[in-house]
Amino acid sequence: MATEGIPTAVPDGGDPIERIEVELARQIMTLHGRAGPWLCYRISTAATGAGQQDGSGGTPLGRHRVRSCIGAGQPRGAVFRGRRPTGEVWSPQLHREYPGRDWILTRILWLCGEEPGYNRGGAVDTMRRFIYIHGTPDTEPMGQPLSHGCIRMRNDDILQLWEWVRPGTPVFVQ
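Residues numbered from 1 in each chain as written. Predicted model: local features only at pLDDT ≥ 70, side-chain atom pairs only at ≥ 80, totals over all residues. Heavy atoms only, no water.

*Asks:* Which parts of the structure should I look at to understand the packing of aromatic side chains?
*Replies:* The geometry of an aromatic ring pair comes down to the distance between the two centres and the angle between the two planes. Inspection of the entire model under this criterion finds 3 aromatic pairs. Among the aromatic residues, those joined into a cluster by ring pairs are Trp110, Phe130 and Tyr132. The ring of tryptophan 110 carries arginine 67 above its face, with NZ or CZ at 4.5 Å from the centroid. (Phe/Tyr/Trp six-rings, centres within 6.5 Å; stacked < 30°, edge-to-face > 60°. Lys NZ or Arg CZ within 6 Å of the ring centre and 35° of its normal.)

*Asks:* How should I be thinking about the pairing of strand 6 (residues 78-81) in this particular structure?
*Replies:* Both faces of the sheet carry side chains from a regular strand, because those side chains alternate between them. Here 3 bridges tie strand 6 to strand 7 (residues 84-89), and the two strands are oriented antiparallel to one another. For phenylalanine 80, the partnering residue across the bridge sits in strand 7 and is proline 85. Here strand 6 runs beside strand 8 (residues 104-113); their pairing, made up of 2 bridges, is antiparallel. Each bridged residue has a counterpart across the sheet, and for valine 79 the counterpart in strand 8 is leucine 105. (Pairing = 2+ DSSP bridges. Helix = DSSP H or I, 4+ residues; strand = E, 2+ residues; numbered from the N terminus.)

*Asks:* Sorry if this is basic, but what is going on with the nonpolar core here?
*Replies:* What tends to happen in soluble globular proteins is that the nonpolar side chains get buried as a cluster. Core analysis: the largest hydrophobic core is formed by 24 residues, its most contacted members being Ile20, Val22, Met29, Leu31, Ile133 and Leu161. Among the elements of the structure, strand 2 (19-23), strand 3 (28-33), strand 4 (36-42), strand 8, strand 10 (151-153), helix 2 (155-164) and strand 11 (170-173) are those that each provide at least two residues to this core. A total of 4 residues in this core trace back to one element, the largest contributor, which is helix 2. Among residues more than four places away in sequence, those in contact with leucine 161 are Ile17, Ile20, Met29, Leu31, Tyr41, Leu109, Ile133 and Met153. Residues Ala78, Ile104, Trp110 and Tyr132 belong to the second largest nonpolar core, which totals 8 residues. (Core = buried A, V, L, I, M, F, W, Y, C linked by side-chain atoms within 4.5 Å. Buried < 20%, exposed > 50% of the residue type's maximum accessible area, 1.4 Å probe, protein only. Contact = heavy atoms within 4.5 Å.)

*Asks:* What is the right way to read the pattern of salt bridges from this model?
*Replies:* Pairing between side chains becomes possible if they bear opposite charge and their charged atoms approach one another. Summed over the entire model, instances satisfying the criterion amount to 9 salt bridges. Across the pair arginine 76 and aspartate 156 runs a salt bridge whose closest N-O atoms are separated by 2.7 Å. Of this pair, arginine 76 sits in the loop between strand 5 (62-70) and strand 6 while aspartate 156 sits in helix 2, and the two are 80 residues apart along the sequence. The residue aspartate 102 makes a salt bridge to arginine 152 at a minimum N-O spacing of 3.2 Å. On the criterion of sequence distance, the pair formed by aspartate 102 in the loop between helix 1 (92-97) and strand 8 and arginine 152 in strand 10 is long-range, its members being 50 residues apart. (Salt bridge = Lys/Arg side-chain N within 4 Å of Asp/Glu carboxyl O.)

*Asks:* I'm lost on the side chain of arginine 152 in this one. Help?
*Replies:* Judged by relative accessible area, arginine 152 falls into the buried class, the value being 8%. Here the side chain of arginine 152 touches aspartate 102 through a polar contact of 3.2 Å, side chain to side chain. With sequence-adjacent residues up to four places away left out, arginine 152 is seen in contact with Ile43, Ser44, Asp102, His134, Thr136, Glu140, Met142, Leu146 and Ser147. (Polar contact = N/O pair within 3.5 Å; in protein donor to acceptor, adjacent residues only side chain to side chain.)

*Asks:* When you look at the side chain of aspartate 125 in this model, what are you seeing that I'm missing?
*Replies:* Within the secondary structure, aspartate 125 sits in the loop between strand 8 and strand 9 (132-135). Among buried charged residues, aspartate 125 stands out as having no salt bridge; its nearest opposite-charge side chain is arginine 128, 4.1 Å away. A distance of 2.6 Å separates the side chain of aspartate 125 from the backbone nitrogen of glycine 121, its partner in a polar contact. Polar side-chain contacts of aspartate 125 include one of 2.9 Å to the backbone nitrogen of arginine 128. Discounting residues that sit within four places of it in the chain, aspartate 125 has contacts with Asn119 and Arg120. (Lys, Arg positive; Asp, Glu negative; His and termini not counted.)

Rendered as structure tokens:
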């Protein structure tokens, strides 16, 4: 069984992640390697629940892959808008200055749907909806659905995950 927390090493060596599974009902992300599940993270998905449609604000279900890994070299807490760093680093003061901002921090793993008509193409396209796995302020709770559709993680967790994920890594959202 996978453990919650941050291990210091990948248990089965080599390419550490064969796939990532996201469970909306339990608000957890499980990393699977060759030997099976080995690490779980508490996450936060859409406040509106699951949703495939553009404009739904929901987290899209089904098979995805990581399309792009964004944020190399940026500091922990780096603020992104439109997948570009703003030059800001999140702080409580910055949060007070921009209280309505949907904070996308530290790193971005941009997802692409793999199922035409379900999460790929037309009005259900995960990539065109800009659905990411990304960091969020440490003040935001995990384990509760509060996002606008993305999969939020603690900044330390996304930094670690970033080291193990490559474009093409499978992500299954259920």
